[in-house]
Amino acid sequence: MRKSIIIRANFGHEIMACNFAAAYGVDVLVCPNKENKEEYNAEAEKIARFMRYFYDVKIVPFEKKDALDARDIIAELKAGQLSDLEWEKFFSTSIEPSVEFDEPEFFKYSPSHYYNILVVPQKLLSDGECGVSAKEQSVDPSVFESLKDKCDLILGQHFNKVADLDTVKKLAKEFNMFVPGLKEHQEVLGIRGVEHRMYHNLYSRLNGSIGIAGTHTWIMLTAFPEIPQVIIYNKNGVENWEAISRAARRAGRKVVTVGFDETTDMTELSSRLKRACVALGMKSF
């Protein structure tokens, strides 16, 4: 029996849920965790506004939220219940994103436009629901040394545009990295809290991505399947990235996953990342 899929927020796992809904041909229902009707309606409208870039989501009326019979595929992911067959199904389709034609153009200040690689070296913000903290999901930016001066690097991580700005500026200077919103389209600075569609033109020009698994990962796995990805993940997290990457490659995607934990030698990790980039044809080093 067909069963709708429920979402309660508007981040990476919700994007994943939309792609599963597309694969199974079912509805996506927005039902935020709010007990106050006014707060519920406001949050539901916000989620719907963000997620309609990916899917024609439907808002559950406040009066019906407690009697909802829908599949919580995000909860299944976090419980480790999604099988390899589910991931095969996931990669049987992709999403055609819906743009509104007022999305920002980017790269006015990017050095040369010749090879754009999205880089996410750290987690400065995290919902903490993947079994590991933001700090535990991060790696030292030095592991990306081999990318310096080889490509135009674009920072893709979420950050607080006030508290984290000095850290981000330092990183951008060290790697000669383009930061969306820092010098142009300041309304998109920080990424967190900005509608996903606002980065459409940035993603559409990427030649590859390398970094910590997050919202950007799911955006590319669903709406931009042509972009090669090196996905870095903490082995102690809840997502089975090895199963996900196997299914992606069987579907013809250029995806490599590289796991690490507290025992990993960062010099060796850097070498693995370099080899993964070369294997995907992202750039010769």
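Provided above is the structure to which this section pertains.
Residues numbered from 1 in each chain as written. Predicted model: local features only at pLDDT ≥ 70, side-chain atom pairs only at ≥ 80, totals over all residues. Heavy atoms only, no water.

1. Thoughts on the overall build of the protein chain
Quick note on the threshold: Only DSSP runs of H or I reaching four residues or more are called helices, and only runs of E reaching two or more are called strands; each is numbered from the N terminus. Only protein chains enter the accessibility calculation, which uses a 1.4 Å probe. A residue is then buried if its area is under 20% of the maximum for its type, exposed if over 50%, and partly exposed in between. Contacts are residue-level and defined by heavy atoms, with any inter-residue pair within 4.5 Å sufficient. Calculation of accessible area relied on Shrake-Rupley with a 1.4 Å probe; when residues are assessed, cover is drawn exclusively from the protein chains displayed.
Scanning the protein chain for helices and strands turns up ten helices and eight strands. By the burial criterion, 55% of the 285 residues in the protein chain qualify as buried. Within the protein chain, contacts between residues separated by at least 24 positions form 71% of all contacts whose residues are at least 6 apart in sequence. About 13,100 Å² of surface is accessible on the protein chain, with carbon and sulfur atoms providing 46% of the total.

2. A short note on the sheet that holds strand E5 (residues 152–155)
The criterion, for reference: Two strands make a pair as long as DSSP finds a minimum of two bridges between them. Helix axes are fitted to C-alpha atoms over the stretch in contact, other axes to C-alpha atoms as well, and angles between N-to-C directions run from 0 to 180 degrees.
As summarised here, the arrangement of the five strands in space is E5-E4-E6-E7-E8, forming an open sheet in which the pairing is parallel. Of all strands in the sheet, those bounded by a partner on one side alone are E5 and strand E8 (255–260). Within this sheet the neighbouring strands show an average axis-to-axis angle of 20°, counted without direction. Bridge analysis of strand E4 (residues 116–120) against E5 gives four bridges, and the strand direction is parallel. In the strand pairing of E5, Ile 117 is matched with Leu 153. The strands that helix H9 (residues 241–250) touches are strand E7 (229–234) and E8; relative to E8, the one it contacts most, it runs at about 165°.

3. Concerning the environment of Ile 227
When you line up the elements, Ile 227 lands in the loop between helix H8 (215–222) and E7. Owing to a relative accessible area of 4%, Ile 227 belongs among the buried residues under this scheme. Sequence separation between Ile 227 and Arg 253 is 26 residues, and the spatial gap between their C-alpha atoms is 8.3 Å. Residues within four places of Ile 227 in sequence aside, it is in contact with Tyr 203, Leu 206, Gly 208, Ser 209, Met 220 and Lys 254.

4. Quick look at helix H6 (residues 165–175)
Quick reminder: α-helices carry 3.6 residues per turn. Residues three or four places apart thus point the same way. Condition: Each C-beta atom gives one direction from the helix axis, and the arc is the one those directions make.
Listed in full, the buried residues belonging to H6 are Leu 165, Val 168, Leu 171, Ala 172 and Phe 175. For H6, the arc enclosing every buried residue in end-on projection is 125°, short of the 170-degree limit, so these residues lie on one face. Among the exposed residues of H6, those oriented more than 90 degrees off its buried face are Asp 166, Lys 170 and Lys 173. Where the residues of H6 are buried, they touch E5. Downstream of H6 by one or two residues, Asn 176 has phi in the positive range, about 50°.

5. Description of the pairing of E7
Inclusion rule: Throughout, right-handed denotes a crossover for which the path from the first strand over the helix to the second runs clockwise when the strands point away from the viewer.
Taken across its six residues, E7 has six buried, putting it largely inside the fold. The alternating pattern of E7 places Gln 229, Ile 231 and Tyr 233 and Val 230, Ile 232 and Asn 234 on opposite faces, both of which are buried. Remark: the strand E6 (residues 208–212)/H8/E7 crossover connection has right-handed handedness. The sheet contact formed by E7 and E8 spans six bridges and is parallel. Bridge pairing in E8 places Tyr 233 opposite Gly 259. In this region the chain leaves E7, passes through H9 and returns to the parallel neighbour E8; the handedness of that crossover is right-handed.

6. Focus on the environment of Asp 69
Put simply, the rule reads: Polar contact is defined as a pair of N or O atoms within 3.5 Å, subject to the rule that within protein one atom must be able to donate a hydrogen and the other to accept it, and that residues adjacent in sequence are counted only when both atoms are side-chain atoms.
In this fold, Asp 69 is placed in the loop between strand E3 (58–59) and helix H3 (73–78). Sequence separation between Asp 69 and Ile 6 is 63 residues; the distance between their C-alpha atoms is 9.0 Å. Among the polar contacts made by the side chain of Asp 69, one reaches the side chain of Lys 3 at a distance of 3.2 Å.

7. Section: the pattern of salt bridges
We apply this condition: Salt bridges are identified by distance alone: a Lys or Arg side-chain nitrogen within 4 Å of an Asp or Glu carboxyl oxygen.
In this structure the tally under the stated criterion is 16 salt bridges. Close ionic contact of Arg 197 with Glu 103 constitutes a salt bridge, the shortest N to O distance being 3.0 Å. Of the two residues, Arg 197 is situated in the loop between H6 and helix H7 (200–203) and Glu 103 in the loop between helix H4 (84–90) and E4; the sequence distance between them amounts to 94 residues. Grouping residues by exposure puts Arg 197 and Glu 103 together as buried.

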